[in-house]
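Okay, here's what each chain looks like letter by letter:
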Amino acid sequence: MSETSPKLRAELEGIPTYKPGKPAAAGGPVAYKLSSNENPYPPLPGVMETVAAAASSFNRYPDMACTGLMNELSERFAVPLSDLATGTGSVGVAQQLVQATSGPGDEVIYAWRSFEAYPIITRISGAKAVQVPLTPGDVHDLDAMADAITDRTRLIFVCNPNNPTGTVVRRAELERFLDRVPSDVLVVLDEAYREFIRDVEVPDGVELYRERPNVCVLRTFSKAYGLAGLRVGFAIAHEPVG
Ligand SMILES: *Cc1c(COP(=O)(O)O)cnc(C)c1O
């Protein structure tokens, strides 16, 4: 018998492990996991009723097309069904996007520090992570990110507001940036915290998607809706991405 173990892809060497917030000790005080940005409030009563009712059909596979959710999203955002995709949290959707666009030899650009999942899903795809430091004010340096684009760039994440700094990019600077991105590079606007925005100068990514075929918007039910455990996220993007 040989002493070697099954061979894994070389790209998987040294991928950073995702660090979730520590679970609360059993019987201890109530813990609020700020590092995971979980909503501290319990799910709304209507959600609990719906989930409890759904439990009676867990012997069945779910509707793979998520028909009910897709129809609701299509109506709410006034987007065609063909431009919607759902996933296991928006992290699941982000991973699908990276895998659909980027492989070995390709480049994925994102700000750093930004969301902890970006380096992980980029490395899994085999693409090269191009991390562009935030400005001294901890904001996305969109000029530097545009300067980092090469002919190998396939996808750019813009996390707005940015996790973990809470800073935003506003309409004028984001549009100026998008004008500089070649139309064959996908820009993913990760708007996990969109519902918390009060600054009217921060654009709604869905409006930018309407005007720009290479803009994809990521949203999640995990944060403002307090449904992190249900793992529901979605993307709005033009074909062929959506
Ligand atoms: C929490 C978060 C997500 C979404 O996580 P899911 O639970 O997978 O939907 C996506 N992006 C950022 C920046 C986040 O902070």
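As a reminder, the structure under discussion sits directly above these lines.
Residues numbered from 1 in each chain as written. Predicted model: local features only at pLDDT ≥ 70, side-chain atom pairs only at ≥ 80, totals over all residues. Heavy atoms only, no water.

Asker: So what's going on with the site of the ligand? Residues and values would help.
Answerer: The local shell around the ligand holds 13 residues, among which S90, Y193, T220, S222 and K223 are the closest. Within the contact set of the ligand, an oxygen atom lies 3.1 Å away from a backbone nitrogen or oxygen of V91. Between S222 and the ligand, the recorded distance is 2.6 Å, taken from a side-chain N or O atom to an oxygen atom. Computed on the free molecule, the ligand has an accessible area of 380 Å², of which 95% lies beneath the protein chains in the complex. Top element by residues in the shell around the ligand is helix α3 (residues 89–101). It accounts for 3 residues. Of the residues belonging to the shell around the ligand, the class tally is 5 nonpolar, 5 polar and 3 charged. (Near = heavy atom within 4 Å. Polar contact = N/O pair within 3.5 Å; in protein donor to acceptor, adjacent residues only side chain to side chain. Areas by Shrake-Rupley, 256 points an atom, 1.4 Å probe, with all protein chains shown as cover. Helix = DSSP H or I, 4+ residues; strand = E, 2+ residues; numbered from the N terminus. Nonpolar A, V, L, I, M, F, W, Y, C, P; charged D, E, K, R; others polar.)

Asker: Break down the pattern of salt bridges for me, with residues and values.
Answerer: Tallied over the full model, the rule gives 10 salt bridges. Across the salt bridge formed by R219 and D204, the nearest N and O atoms sit 2.9 Å from each other. Taken together, the positions of R219 in strand β6 (residues 215–220) and D204 in the loop between β5 (186–190) and α7 (205–211) put the pair 15 residues apart, joining distant regions of the chain. R219 sits in the buried class, given a relative accessible area of 6%. (Salt bridge = Lys/Arg side-chain N within 4 Å of Asp/Glu carboxyl O. Buried < 20%, exposed > 50% of the residue type's maximum accessible area, 1.4 Å probe, protein only.)

Asker: Quick rundown of the sheet that holds β5? Include the residues and the values.
Answerer: Spatial ordering of the open sheet is given by β1-β7-β6-β5-β4-β2-β3, a layout of 7 strands whose pairing is mixed. The two strands at the open ends of the sheet, each matched to only one other strand, are β1 (84–88) and β3 (128–133). The mean inter-strand angle of the sheet, taken between neighbouring strand axes irrespective of direction, is 25 degrees. Here β1 runs beside strand β7 (residues 232–236); their pairing, made up of 5 bridges, is antiparallel. Considered in β7, the bridge of T88 is made with V232. Relative to β1, α3 is tilted by about 115 degrees, and along the sheet it contacts β1, β2 (107–112), β4 (153–159), β5, β6 and β7. (Pairing = 2+ DSSP bridges. Axes fitted to C-alpha atoms, helices over the stretch in contact; angles between N-to-C directions. Contact = heavy atoms within 4.5 Å.)

Asker: A description of the state of the cysteines should follow, citing residues and the corresponding values.
Answerer: Summed over the entire model, instances satisfying the criterion amount to 0 disulfides. The thiol of C66 is unpaired, and the distance to the nearest cysteine sulfur, on C216, comes to 16 Å. The thiol of C159 is not disulfide-bonded; the next cysteine sulfur, from C216, is found 13 Å away. Assessed through its relative accessible area of 3%, C159 is described here as buried. (Disulfide = S-S within 2.5 Å.)

Asker: For the packing of aromatic side chains, give the residues involved together with the corresponding values.
Answerer: Counted by the stated rule, this structure contains 8 aromatic pairs. Taken together, a centroid distance of 5.7 Å and an interplanar angle of 50 degrees make the contact between F77 and F234 tilted. Note that F77 is positioned in helix α2 (residues 67–77) and F234 in strand β7, a separation of 157 residues in sequence. Note on F77: relative accessible area 14%, which makes it buried. Judged by its relative accessible area of 4%, F234 falls in the buried class. Taking 5.8 Å as the distance between ring centres and 55 degrees as the angle between the ring planes, the aromatic pair formed by Y110 and Y118 counts as tilted. Here the two residues Y110 and Y118 agree in accessibility, since each one is buried. Of the aromatic side chains, those joined through ring pairs into one cluster are Y110, W112, F115, Y118 and F157. (Phe/Tyr/Trp six-rings, centres within 6.5 Å; stacked < 30°, edge-to-face > 60°.)

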